[in-house]
Amino acid sequence: MAKYPPPEELIKINYSTPPTSWMDVPPEFKPGNFSYPAKPDILKYLNFPNPRVWSPMDDDWKLPENWKEIITEGFRERLDKYRSFKIFMDVCVRCGACADKCHFFIGGGDPKNMPVLRAELLRSIYRGDFTMAGKILGRLAGARKLETDVVKEWFLYFYQCTECRRCSLFCPYGIDTAEITMMARELLHLVGCNINWILEPVANCNRTGNHLGIQPHAFKDMVEFLCEDIETVTGVRIDPPLNRKGAEILFITPSGDIFADPGIYTFMGYLILFHYLDLDYTWSTYASEGGNFGLFTSDKMMKKLNGKMYHEAERLGVKWILGGECGHMWRVINQYMLTMNGPANFLQTPVSPITGTRFDAAAGTKMLHITEFTADLIKNNKLKLDPSRNANFKVTFHDSCNTARGMGILEEPRYILKNVVPEFYEMPDNTIREQTFCCGGGAGLNNEEFMETRLRGGLPRGNAVKYVRDTHGVNTLACMCAIDRATLPPLCDYWAPGVGVSGIHELVSNALVLDGEKKRTMDLRQNPLPGFEDEEEE
Ligand code: SF4
Ligand code: SF4
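Residues numbered from 1 in each chain as written. Chains lettered and ligands numbered in written order. Predicted model: local features only at pLDDT ≥ 70, side-chain atom pairs only at ≥ 80, totals over all residues. Heavy atoms only, no water.

## Quick look at the domain arrangement of the protein chain
1) Next: With domains assigned, the protein chain is organised as domain 1 (9-30 + 49-193) and domain 2 (202-511).
2) Next: Distance from the C-alpha centre of domain 1 to the C-alpha centre of domain 2: 32 Å.
3) Next: Listed by partner, the interface residues are 27 residues for domain 1 and 32 residues for domain 2.
4) Next: Broken down residue by residue, the surface that domain 1 buries against domain 2 is led by Leu10, Arg165 and Arg166, which jointly contribute 26%. (Domains from an automatic or database assignment. Contact = heavy atoms within 4.5 Å. Buried area = accessible area lost by both parts, 1.4 Å probe.)

## Here we look at the packing of helix H8 (residues 148-158) against helix H10 (residues 177-190)
1) Next: For the pair H8 and H10, the least separation of the axes is 10 Å and the interaxial angle reads 130°. For the element pair H8 / H10, the angle class is oblique. Between H8 and H10 lies a crossing whose hand is left-handed. The segment H8 lies against H10, with Val151, Trp154, Phe155 and Phe158 engaging Ile180, Thr181, Ala184, Arg185, Leu187 and Leu188.
2) Next: Across the contact of H8 with H10, the residue classes tally to 8 nonpolar, 1 polar and 1 charged. (Axes fitted to C-alpha atoms, helices over the stretch in contact; angles between N-to-C directions. Helix = DSSP H or I, 4+ residues; strand = E, 2+ residues; numbered from the N terminus. Parallel < 35°, antiparallel > 145°, perpendicular 65-115°, else oblique. Left-handed = near helix turned anticlockwise from the far one by under 90°. Nonpolar A, V, L, I, M, F, W, Y, C, P; charged D, E, K, R; others polar.)

## So, the packing of aromatic side chains
In this description, an aromatic ring pair is defined by two values, namely the gap between the centres and the angle between the planes.
1) Next: Per the stated rule, a full pass over the model turns up 26 aromatic pairs.
2) Next: Seen from their ring centres, phenylalanine 251 and tyrosine 270 are 4.8 Å apart, and the 65° between their planes marks the pair as edge-to-face. Of this pair, phenylalanine 251 sits in strand E1 (residues 249-252) while tyrosine 270 sits in helix H14 (residues 263-277), placing them 19 residues apart in sequence. One exposure class covers both phenylalanine 251 and tyrosine 270, and it is buried.
3) Next: Counting every residue linked through ring pairs, the aromatic cluster contains Phe29, Phe34, Tyr36, Trp54, Trp61, Phe155 and Tyr159.
4) Next: Taking the ring centre of phenylalanine 437 as reference, the NZ or CZ of arginine 166 above it sits at 3.7 Å. (Phe/Tyr/Trp six-rings, centres within 6.5 Å; stacked < 30°, edge-to-face > 60°. Buried < 20%, exposed > 50% of the residue type's maximum accessible area, 1.4 Å probe, protein only. Lys NZ or Arg CZ within 6 Å of the ring centre and 35° of its normal.)

## So, helix H6 (residues 115-130)
1) Next: Here H6 is 16 residues long and its end C-alpha atoms lie 22 Å apart, about the 22 Å a rise of 1.5 Å per residue gives.
2) Next: Taken as a whole, H6 carries its principal kink of about 40° at leucine 121.
3) Next: A large share of H6 lies buried, amounting to 14 of its 16 residues. (Expected span 1.5 Å × (residues − 1). Bend = angle between axes of the 7 residues up to and from the residue.)

## Quick look at the sheet that holds strand E4 (residues 367-369)
1) Next: The parallel open sheet is built from 4 strands, whose spatial order is E2-E1-E3-E4. For this open sheet the edge positions go to strand E2 (281-282) and E4, each flanked by a neighbour on one side alone.
2) Next: As paired elements, strand E3 (residues 320-323) and E4 share 3 bridges and run parallel to each other. Bridge pairing links isoleucine 321 to methionine 367 in E4.
3) Next: Relative to E4, helix H16 (residues 328-340) is tilted by about 135°, and along the sheet it contacts E1, E3 and E4. (Pairing = 2+ DSSP bridges.)

Okay, structure coming up:
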């Protein structure tokens, strides 16, 4: 963390009103405030326009010769196609209710990170090119001309928006700035201005079925490796089914969880739970990704990457899909799947084979969230749990922006946690549930080069974690999103040292008492369970 300013420096935020109009302030790129551009070979593979080597720090961005026409035409197409976009361009009354709700503004103080002003970056061009008042009155009507600095400004600020939708919660008109960001990113793609951290995972997912580019044999090896660790901890050997045709359920979770700490412990948690239930299910090494970076790219790419999960479900002949702990995967499923690829009528409405509960809310998508599934198991007394095994963890819960605001899953994760850990504490009310604060790295911004801005954007979340750490001794931040599991550890190390990050099903399976298990002395991380510390040392 040495290369970033220390927290006591970063917290010195200048919120004063700038002396000049925002239109007169040029974008300023500096290390830490932008993500690296997509590599030319990635753009070529995806058949995206204008592949080239360039840097946002360059004066010349090597835009296509006719870039103005391309963007103007792309703008027009999207205004015609999306009624919501047209409305969002027209109806903002600049009341300012959203202004202080964005974590990037709170943590950085840059007025262009106020949601209202972020949208104005696009709206000002809309007024200039598509409204009579803007064409006649120009700047007086809040309009401006499309210049290269505008493209640069869009790239800077629409890749400083995590599409978290916190601002939209407070807007009396329901303007969804995240969707404005999505439109701006689509326009930027048209002239080849995009970031590698999004498009390389998209290319990988297009090729191998997951963001990390894991091939089927490697996926199988990784699962087996985790099963060996499970056997070390529990004494129980698990042999999970892969690509099994005719299984009742297809399980899909983000690939990030098979790859890195601490996500792997959540992955092990699923394996243990499904073994305990003797569930008739299968993993797929082809639909090996629940996440969908297409959401951060374009509607076409989102649709394509979402479609592969349903194609695989059809190929395997399952009845329904169970989805793991992911954030944006569920935003895609709940907000877009039905109009893009649904309804998935070749599948059946999910019914838990263990409890018989029918989940009618998933009747369209045929896809059930793992926390709904597990909460139902606990409610029906189907799990033998020993929460004392999690007594070393004093837990709080971070609502993923996507599952909380995009889907409304608020109670299930809390219900599960309260049943599997002895001590659970909430962060302050205005930082949780629908009002949750972003991890600072969503929407494809969880890369290293963007870390300083992530830490700034993570200030509100980090501050709330610090509060429960200092007030209740909380040492664990549970979450149900793979991106959160990747972004929150450095955030906690920076703003609330001493707090670790865990998935929900890691804690479930620590507590789950398996038939035939050996005397459990370790948790899934192979740290001693409470009361077994001395045994480990011997
Ligand atoms: S809250 Fe809505 S209407 Fe008010 S400034 Fe923000 S986007 Fe505009
Ligand atoms: S969607 Fe989130 S990141 Fe984007 S402007 Fe709104 S609050 Fe900020």
